[in-house]
Amino acid sequence: MKDRELKLLPLGTSDFTALRIRDQIYVDKTELIYQLARFPGKFFLSRPRRFGKSLLISIFESLFKYGLRDFQGLAIERLWKEEKTYNVVRLDFSEIKPLEGIEQFKRDLKELLISAFSPLGFEHNPLGAEIFRQLSTWMKSQLPNSLVLLIDEYDAPLTSCLNEMDLFNTVRERLSKFYAILKSNDAALRFVFITGI
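Everything in this summary refers to the structure shown in the same document. (Residues numbered from 1 in each chain as written. Predicted model: local features only at pLDDT ≥ 70, side-chain atom pairs only at ≥ 80, totals over all residues. Heavy atoms only, no water.)

1. Description of the overall build of the protein
Scanning the protein for helices and strands turns up eight helices and four strands. For the protein, the succession of helices and strands along the chain, N to C, is α-α-β-α-α-β-α-α-β-α-α-β. Dimensions of the protein along its principal axes, counting C-alpha atoms only, are 65 × 40 × 25 Å. Relative to its 197 residues, the protein shows a buried fraction of 44%. Looking at the protein alone, contacts between residues at least 24 apart form 72% of all its contacts between residues at least 6 apart. Accessible area for the protein stands at about 11,600 Å²; split by element, carbon and sulfur atoms hold 53% of it. Between the mean site of the 29 positive side-chain charges and the mean site of the 26 negative ones, the protein shows a separation of 4 Å. (Helix = DSSP H or I, 4+ residues; strand = E, 2+ residues; numbered from the N terminus. Buried < 20%, exposed > 50% of the residue type's maximum accessible area, 1.4 Å probe, protein only. Contact = heavy atoms within 4.5 Å. Areas by Shrake-Rupley, 256 points an atom, 1.4 Å probe, with all protein chains shown as cover. Lys, Arg positive; Asp, Glu negative; His and termini not counted. Charge placed at Lys NZ, Arg CZ, Asp CG, Glu CD.)

2. With respect to the packing of aromatic side chains
By the definition in use, this model includes 14 aromatic pairs. Ring centres 6.2 Å apart and planes at 65° place the aromatic pair Phe93 and Phe178 in the edge-to-face group. Taken together, the residues span a long stretch of sequence, with Phe93 in the loop between β2 (87-92) and α5 (102-117) and Phe178 in helix α8 (residues 165-184) at a distance of 85 residues. With respect to burial, Phe93 and Phe178 carry one shared label: buried. Seen in terms of ring centroids, Phe117 and Trp138 are 5.7 Å apart; in terms of plane orientation they differ by 80°. Their pairing is edge-to-face. Of this pair, Phe117 sits in helix α5 while Trp138 is found in helix α6 (residues 131-140), placing the two residues 21 residues apart along the sequence. (Phe/Tyr/Trp six-rings, centres within 6.5 Å; stacked < 30°, edge-to-face > 60°.)

3. Focus: the side chain of Ser58
Inspection of the secondary structure puts Ser58 in helix α3 (residues 53-66). Residue class for Ser58 comes out buried when judged on its relative accessible area of 3%. Within polar-contact distance, the side chain of Ser58 engages the backbone nitrogen of Phe16 at 2.8 Å. Sequence-distant contacts of Ser58, that is, excluding residues within four places in its chain, are made with Ser14, Asp15, Phe16, Thr17 and Arg90. (Polar contact = N/O pair within 3.5 Å; in protein donor to acceptor, adjacent residues only side chain to side chain.)

4. With respect to the sheet that holds strand β1 (residues 41-46)
Strand order in the open sheet made by the four strands is β1-β4-β3-β2, with parallel pairing throughout. Two strands bound the open sheet, and with one partner strand each, they are β1 and β2. If you compare each strand with its neighbour and ignore which way they point, the axes differ by 10° on average. Sheet topology places β2 next to strand β3 (residues 147-152); six bridges connect them, and they run parallel. (Pairing = 2+ DSSP bridges. Axes fitted to C-alpha atoms, helices over the stretch in contact; angles between N-to-C directions.)

5. A short note on the nonpolar core
Counting residues in hydrophobic clusters, the biggest one holds 33 residues, and the most contacted among them are Leu91, Phe93, Leu113, Phe117, Leu149 and Phe178. Listed by contribution, the elements that provide at least two residues to this core are β2, α5, α6, β3, α8 and β4 (189-196). It is α5 that contributes the most residues to this core, eight residues altogether. When neighbours within four sequence positions are excluded, Leu149 is seen to be in contact with Val89, Leu91, Phe117, Phe178, Leu182, Leu189, Phe191, Val192 and Phe193. Listed in part, the 25 residues of the second largest apolar core include Phe16, Ile59, Phe71 and Trp80. (Core = buried A, V, L, I, M, F, W, Y, C linked by side-chain atoms within 4.5 Å.)

6. Thoughts on α3
For α3, spanning 14 residues, the distance from its first C-alpha to its last is 20 Å, which sits close to the expected 20 Å at 1.5 Å a residue. With 11 of its 14 residues buried, α3 lies for the most part within the structure. Among the residues of α3, those classed as buried are Lys53, Leu55, Leu56, Ile57, Ser58, Ile59, Phe60, Glu61, Ser62, Leu63 and Phe64. Among the residues trailing α3, Gly67 stands out with phi positive, at a value near 70°. (Expected span 1.5 Å × (residues − 1).)

Nothing here speaks to function; it is all geometry.
The following block contains the structure:
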């Protein structure tokens, strides 16, 4: 009997495409993922750290951006009928924490939004209106049902300043402006998935 090489565990791998290219172990949950992704909707998943939330975000990103490219041999391959791919915006709010003060947080949030939306055609005018208004105007110009938004660790900026209520309230207010844009431009959104602890 020939020795079979064991697949590697995906320890520390939170990128689905990398996991599949490396042929690492993946417990197929794509039938459940299909149940969420097949209809337009907004979903929030709250789970502890190291629970696989970032990998799940990456799976949605691959599915909506590239179709079935990374899903050969998985359950969703026979279920997913959409041939259309989508513009996908992926935001990781763990990248921005207000530890250096609110002005730095505002700059970091603005840069995160610009870098995430610019590849899809958003053009920020530094001399124009506030970033949120510019982003709202851009979203209104998008085709209905054309944009997928994936937000990982939405609460990271807030949990990092829980002991400083003034800073916490200012950060919450700033993030609320962003989420208000999403609510008012709902027509452009095909799918929204948000994770946090």
